[in-house]
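# Commentary on secondary and tertiary structure
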Amino acid sequence: MPEYASKTLEIYRDARKRLSRRFPEIESTLLTELLPVTFQKALNDLSKKYAKSSLRHIKSLYNLAYQTAIENHQCTENPINGVTVPKKASEKVINGLSHEEQQAFEEAAKQLTIRDQFILQTFLLTGLRRGELQNLRWQDWDKKAKVLRVEKSKTKNGIRSVPVIPEVALMLTHLQGWAKRCSSNRYIFGDAEPVSAGHLRHICLYTSKCAGIRRVSPHMLRHTFATMALQNGVDVKTVSSMLGHYSAGFTLDTYAHVTTDAQLKAAQTMGNILSRAV
């Protein structure tokens, strides 16, 4: 039985609730009797309320359930294979912080402890997931190669090496100097144990409140990193690799609004160049 990160389990629990609240009869249907058309109708109906990302989670959960059932000889066919996420469902637009919001956020963060300031800056400068940052140990920082090695992630593609820019390297050096005073400090942003998820959420919310901006989460800081990278000309494939996405196509779909804006700006720039040349 594979192990899943707590965030993944939370997503699957929410997915099950969304389907079972609207279609409780699916929960009581025998594995061998659920038809693809029944599940498809359910997703079509739910698309009126939920975004594609939520529908994908529902489909993924039940697909996984059937795969497990087949492996355990409880049924022989997976009806979810014939189901698609409705195209008419809305895409959830993921917005990072604007330049002004990021400036206000970073200024407000100066009220925090040095370690907490470093945590927020690391989110903004690396695009790490919350769980990835929590589980970073000192042995994961390769000074010579200038990378942080993510050894624990929610996905297989999340296991990767993240480039460390000089600003992050300087922060890590400071933290390591303090950590050496305590032999039990195994984790970069914790001590003998990882920093808690609750603490990470708290410092994000507290800082955003002090900055007078919308509520900020660790995940939003990850999206801010991705948005800034794409807006500043970093190619999608590189950003995808740094984020630990399974494909550049997924990154392109997730940040379509960002890349579209960049293309419009590029077109305007070319237009200005060509008009001057005429």
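As a reminder, the structure under discussion sits directly above these lines.
These lines cover the structure that appears in this document, whether it is placed above or below. Throughout this description, residue numbers start from 1 for each chain and increase along the sequence as written. Note on the predicted model: pLDDT of at least 70 is required for a residue's local features to be given, and 80 or more for side-chain atom pairs to be given and counted; whole-chain, interface and lining totals, by contrast, use all residues. Water and hydrogen atoms play no part in the side-chain values, which are based on all heavy atoms of the structure.

In this section: the pairing of strand S2 (residues 147-150). Bridging between strand S1 (residues 141-142) and S2 involves 2 bridges; their strand directions are antiparallel. Looking across to S2, one finds that Asp142 is bridged to Val147. When DSSP finds at least two bridges between two strands, those strands are taken to pair. What counts as a helix is a DSSP run of H or I of at least four residues, what counts as a strand is a run of E of at least two, and both are numbered from the N terminus. Direction of pairing for S2 relative to strand S3 (residues 160-163): antiparallel, over a ladder of 4 bridges. In the sheet register, Val150 faces S3, and the bridge partner there is Arg160.

In terms of nonpolar packing, the biggest core is built from 33 residues, with Phe105, Leu120, Leu172, Ile188, Phe189, Val216 and Leu221 touching the most fellow members. If you list the elements that add at least two residues to this core, you get helix H6 (114-126), S2, helix H8 (166-179), helix H9 (197-211) and helix H10 (218-231). Any two residues whose heavy atoms approach within 4.5 Å at even a single point are treated as in contact. For Val216, the residues in contact, after removing those within four places along its chain, are Leu97, Phe105, Cys204, Leu205, Ser208 and Leu221. Take the buried residues of types Ala, Val, Leu, Ile, Met, Phe, Trp, Tyr and Cys, join any two whose side-chain atoms come within 4.5 Å, and each joined set is a nonpolar core. Only protein chains enter the accessibility calculation, which uses a 1.4 Å probe. A residue is then buried if its area is under 20% of the maximum for its type, exposed if over 50%, and partly exposed in between. Formed by 21 residues, the second largest nonpolar core is a distinct cluster that contains Ala15, Ile26, Leu43 and Ala89.

For the rest of this paragraph, the subject is the sheet that holds S2. Taken together, 3 strands build an open sheet; the order of strands is S1-S2-S3 and the sheet is antiparallel. Looking at which strands have only one partner, the edges of the open sheet turn out to be S1 and S3.

Right, let's talk about the pattern of salt bridges for a bit. Within this document, salt bridges are pairs made up of a side-chain nitrogen of Lys or Arg and a carboxyl oxygen of Asp or Glu, the two lying within 4 Å of each other. Evaluation of the coordinates by the stated rule reveals 10 salt bridges. Residues Glu132 and Arg129 are paired through a salt bridge, measuring 2.7 Å at the closest nitrogen-oxygen approach. In this structure Glu132 comes out as buried when scored by relative accessible area, which is 2%. Put simply, Asp142 and Arg149 hold a salt bridge, and the shortest N to O gap is 2.6 Å. Within the structure, one salt-bridge network assembled from shared partners comprises Arg22, Asp45 and Lys48.

That's the geometry; what it means functionally is another story.
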